Amino acid sequence: MPRHVGIIMDGNGRWAAQRGEDRCEGHRAGSHAVRRIVRVARRIGLEALTLYAFSFQNWARPPAEVAGLMALLHDFLIEERSEILGNGIRLAAIGDLDQLPAPVRAVLDQLCADSAHNSRMTLTLALSYGGQEEIAQAMRVIAAEAAAGKLDPQAIDIDTIRSHIPSLQVGDPDLIIRTGGERRLSNFLLFGSAYAELFFSDRHWPDFTEEDLFLAIASYQRRERRFGLVLEGGAGLSPRAKSSDSN
Ligand code: IPE
Ligand code: IPE
Ligand code: MG
């Protein structure tokens, strides 16, 4: 089983367009998929699930769409509160949270605090999040520590950087899933994704089901993670992994 799964929940707008509906209806349907997948993830025993809900770059979308997304986020946090607390889920948030509207920030902070003692699964919401922005922020903190004499610049290594990256406090992602058909990371978990397995689904996020998650995990389980090494047996790729199926 992957320990930490990250999901780039893409395709809400196209899902709505296919139905002749407003993009916000796609986001609404997407929020139902979030509830569904969080429950499945908890049931199958994932240790950490990180959901890319809103990127730093997404602030530049039309104001009505941004407002609709923030309202859905607010409702999600209120309506899922008992589900999260009752199922031992610890909620965390990463990203430039100061940009969130005050009412969203308030319920988010409250639920993160109230669930902090939970340990069955960590659900991290990436909100106003950018992987490059996260690295830049870590660099500012590291530089300040070095300038204050608390850190020897020569001693800065991968682990120093990792320890300053909030998205990696639950460990590097083992599997990153992107729905919606695009094959890119769009600024998600950049530092931690160095050796993540990637799974791309053509399914739009509102249509993503439990079965789709199982397909992604099954694909992960067929892969041989080598981390740059030559593994015991040395034969290299298994016939399955060599097949033309890019997943
Ligand atoms: C993902 O769906 C949700 C967010 C980025 C907030 P999109 O809104 O990007 O949907 P598409 O990619 O336009 O279909
Ligand atoms: C990535 O999707 C962000 C989220 C899913 C929250 P985007 O739709 O913003 O990414 P691009 O524009 O296709 O790269
Ligand atoms: Mg998109």
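Refer to the structure presented above.
Residues numbered from 1 in each chain as written. Chains lettered and ligands numbered in written order. Predicted model: local features only at pLDDT ≥ 70, side-chain atom pairs only at ≥ 80, totals over all residues. Heavy atoms only, no water.

A. Inspection of helix H3 (residues 63-79) at higher detail. Helix length check: H3 (17 residues) gives 24 Å between terminal C-alpha atoms against 24 Å at 1.5 Å per residue, within 8%. Among the residues making up H3, those that are buried are Glu65, Val66, Gly68, Leu69, Met70, Leu72, Leu73, Phe76 and Leu77. On its buried face, H3 is in contact with helix H2 (23-44), strand E2 (48-55), helix H4 (81-86), strand E3 (89-94), helix H5 (102-114) and strand E4 (121-129). (Helix = DSSP H or I, 4+ residues; strand = E, 2+ residues; numbered from the N terminus. Expected span 1.5 Å × (residues − 1). Buried < 20%, exposed > 50% of the residue type's maximum accessible area, 1.4 Å probe, protein only. Contact = heavy atoms within 4.5 Å.)

B. Structural context of the site of ligand 1. Taken together, the neighbourhood of ligand 1 is formed by 13 residues, with Asp10, Gly13, Arg14, Arg23 and Arg61 sitting nearest. Asn12 places a polar main-chain atom, nitrogen or oxygen, 3.2 Å from an oxygen atom of ligand 1. At 2.7 Å, a side-chain N or O of Arg14 approaches an oxygen atom of ligand 1. Within the complex, the protein chains bury 87% of what would otherwise be the 380 Å² of accessible surface of ligand 1. (Near = heavy atom within 4 Å. Polar contact = N/O pair within 3.5 Å; in protein donor to acceptor, adjacent residues only side chain to side chain. Areas by Shrake-Rupley, 256 points an atom, 1.4 Å probe, with all protein chains shown as cover.)

C. The arrangement of unusual backbone geometry in detail. Backbone geometry at Ser186 places phi at a positive 45°, although glycine is not the residue there. Taking relative accessible area as the criterion, Ser186 reaches 32% and is therefore assigned partly exposed.

D. Here's a closer look at the sheet that holds strand E1 (residues 4-8). One open sheet holds the six strands; their spatial order is E3-E4-E2-E1-E5-E6, and the pairing between them is parallel. At either margin of the open sheet sits one strand with a lone partner, and together these are E3 and strand E6 (197-200). Put simply, the sheet's adjacent strands are angled 20° from each other on average, direction ignored. Set on the sheet, H5 makes contact with E3 and E4; between it and E3 the angle comes to about 135°. This element, helix H8 (residues 210-221), spans strand E5 (175-178) and E6 of the sheet and lies at about 140° to E5. (Pairing = 2+ DSSP bridges. Axes fitted to C-alpha atoms, helices over the stretch in contact; angles between N-to-C directions.)

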